[in-house]
Every structure is written in C-alpha cells, then in structure tokens.
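Each chain, letter by letter, is given below.
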Amino acid sequence: MKVLFHLDETEKWSMTLANVKNFLHEVPDAHITVVANGPAVKYYTTDAIEADLLAQVDFVACNNALKANTIQPPQINTAVRIVNAGVVEIARKQKEGYAYIRP
Amino acid sequence: MKVLFHLDETEKWSMTLANVKNFLHEVPDAHITVVANGPAVKYYTTDAIEADLLAQVDFVACNNALKANTIQPPQINTAVRIVNAGVVEIARKQKEGYAYIRP
Amino acid sequence: MKVLFHLDETEKWSMTLANVKNFLHEVPDAHITVVANGPAVKYYTTDAIEADLLAQVDFVACNNALKANTIQPPQINTAVRIVNAGVVEIARKQKEGYAYIRP
C-alpha cells in the first residue's frame, strides 16, 4: 500500500505522526510519504521525529515553505527530502497511485 | 459514485453531515463512507446522527481513536462500523475507487 | 497535470492561493480547479483574487454554500463557476484523474 499524508499546520504534526505509526502497525511494509508545506515545515528544524520513523518514512519539505519561513536547508533534519513545491509532489504521488490523507 | 469523507476534528461533524446530505440530494444512489478518527470518534457516543442517514451511509470509527479516547465499542452507535485503523480504511477505499473529501 | 484544491474555511484562502501560484510556477500548463464550499464561498464576493489567476484557474463555488450564506449569484465574481453541490464536483474531478489537495 502506498499512502501520502499532507499537513500544512504545525498543530497537525502529533496527529499525523500518530496516524503514520498506526498505519505501519497494521501494514508494516506500506510505502508512506509525509509532505509538509506551509508553517508545518518548521517542525523539521527540531529533532522531534524518532530515528526509526525517519528511516521508514519518506519525509518531504516544500522549499517554498522553507523560504517563506526563512529556514535554510542545513537547518533541517538531513533525513528530510526537499522538493521545490510540496503541492506538485502531492499531485505526482497521487498519479503514482498513492492514497491521500489529510489529518 | 463512491465517495469517502474523513474527519478527525469534532468541530467538523456539522460540516461533514451537511456535505453528506448535499451529496445524497444530488446523487441519491451514491456510496458514501464517513471515516472518523482522532477526537472526532467521540461523536459516535451520542445519538446525534439521524436514523435515515445511518441507514444510507457507511459510518466508520477508528479503533485506535476509540482506545485513545477511552471509549468502549458498546458505548457507540451500533450502526457504526469499527476498523482497526481509520487511516488504513481510508487508503483501502481510495484503492477501490472512492473519491476522498476532507471537510 | 490536473489538480483540485478544496477549502471550506475562509482562513484557508491565503494558503490555497499561495499553493496555486506555487503549482503554476512549477507546472505552468497545469489544469487547476479550486472548489470552495462552506463559509469559504464568501471570499468570492470580494475582488481579492487577481485577474490573471482568475483567467488561469477554474474557480468553483458551491451553490448550497452560497444559499447557506445568503449570497446571490450576481454578488460573486463573474469568473467563478457555480455548481449545485461542491462535494459532487470534487468527487467528479477525482474520477476524471484530478489529484486532490486540501490546504
């Protein structure tokens, strides 16, 4: 199963990470991408995401959002993938058959 | 037409139910599933959803969310279907061709 | 690429329009539809959306939401397309291969 979680609000991180963990608990081999844009990208400057989750899940940051929040790429977790536009990544993943979930 | 509505915030119930009614008004034979996870599952402990809507729509509760909100299955409306993980149900339904709407 | 943005909260307009502009910057020939229902339709009574964006993007208003907010069709921007039920339009577009994004 392939699933993409999308969030742009900082307050949605705890729900999103709980959702991701519940998903992996049920479907351990799921392909999961989390795309953060808007203010939610600020969370990537912390080390709040556990290492084993960073290893299992494709975490993505929108570069437009990083710029809008004056965050330089070296400030975010190195496990996070940066894309030009988060919304384009979301559309692309859906074309590839990923389900979309917006916590 | 097949459509899935998803909500995790309690405040989204009134909008979601209005959306469902509008959908059925336009497309009376639509297959509609409503998946609630997060705090939104608490609404299922009330009898706020009208009987005719419960008969027409597949209402689903996430069991992880029930546990997190210390709700026992017997406390919720018997017409509600319980799944292990709401997010997995959402992904499955999209694979089956359901459109996704997040009010 | 075909993508549909959906919003029902008035506060989501600035994020949605920023998302749309970022999308068009990356994919200038994208087919973009924005469906507003709920209180978000009130924004269409203003002339806040730039003319060049109105020309490039298919902006849609839900007529149920217009009625609920006592807005007459002549009060909204003439470039906006009115549909009976925004949620049905959203489901239809997804069937036509549009990706769904909920800012």
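Residues numbered from 1 in each chain as written. Chains lettered and ligands numbered in written order. Predicted model: local features only at pLDDT ≥ 70, side-chain atom pairs only at ≥ 80, totals over all residues. Heavy atoms only, no water.

**Q** Give a description of the interface of chain C and chain A that names residues and reports values.
**A** Often, the extent of an interface is quoted as the loss of accessible area upon association of its parts. With 14 residues of chain C in contact, the opposing surface of chain A contributes 17 residues. Between chain C and chain A, the buried area comes to about 1300 Å², and carbon and sulfur atoms account for 64% of it. Among the residues chain C hides against chain A, the three largest losses belong to Met-1, Glu-26 and Arg-102 of chain C. Together they make up 33% of the total. For Glu-9 of chain A, the salt bridge is made with Lys-12 of chain C, and the minimal N-O distance between the two is 2.6 Å. (Contact = heavy atoms within 4.5 Å. Buried area = accessible area lost by both parts, 1.4 Å probe. Salt bridge = Lys/Arg side-chain N within 4 Å of Asp/Glu carboxyl O.)

**Q** So what's going on with the pattern of salt bridges? Which residues, and what values?
**A** The tally for this structure, following the rule as stated, stands at 21 salt bridges over all chains. We note a salt bridge from Arg-102 of chain B to Asp-8 of chain B, for which the minimum N-O separation is 4.0 Å. Here the residue Arg-102 of chain B occupies a position in the segment after β5 (99-101), and Asp-8 of chain B occupies one in the loop between β1 (2-7) and α1 (13-26), the gap between them amounting to 94 residues. For the pair Arg-102 of chain B and Asp-8 of chain B, one class covers both residues: buried. Through salt bridges with shared partners, a single network forms among Asp-8, Glu-9 and Arg-102 of chain A together with Lys-12 of chain C. (Helix = DSSP H or I, 4+ residues; strand = E, 2+ residues; numbered from the N terminus. Buried < 20%, exposed > 50% of the residue type's maximum accessible area, 1.4 Å probe, protein only.)

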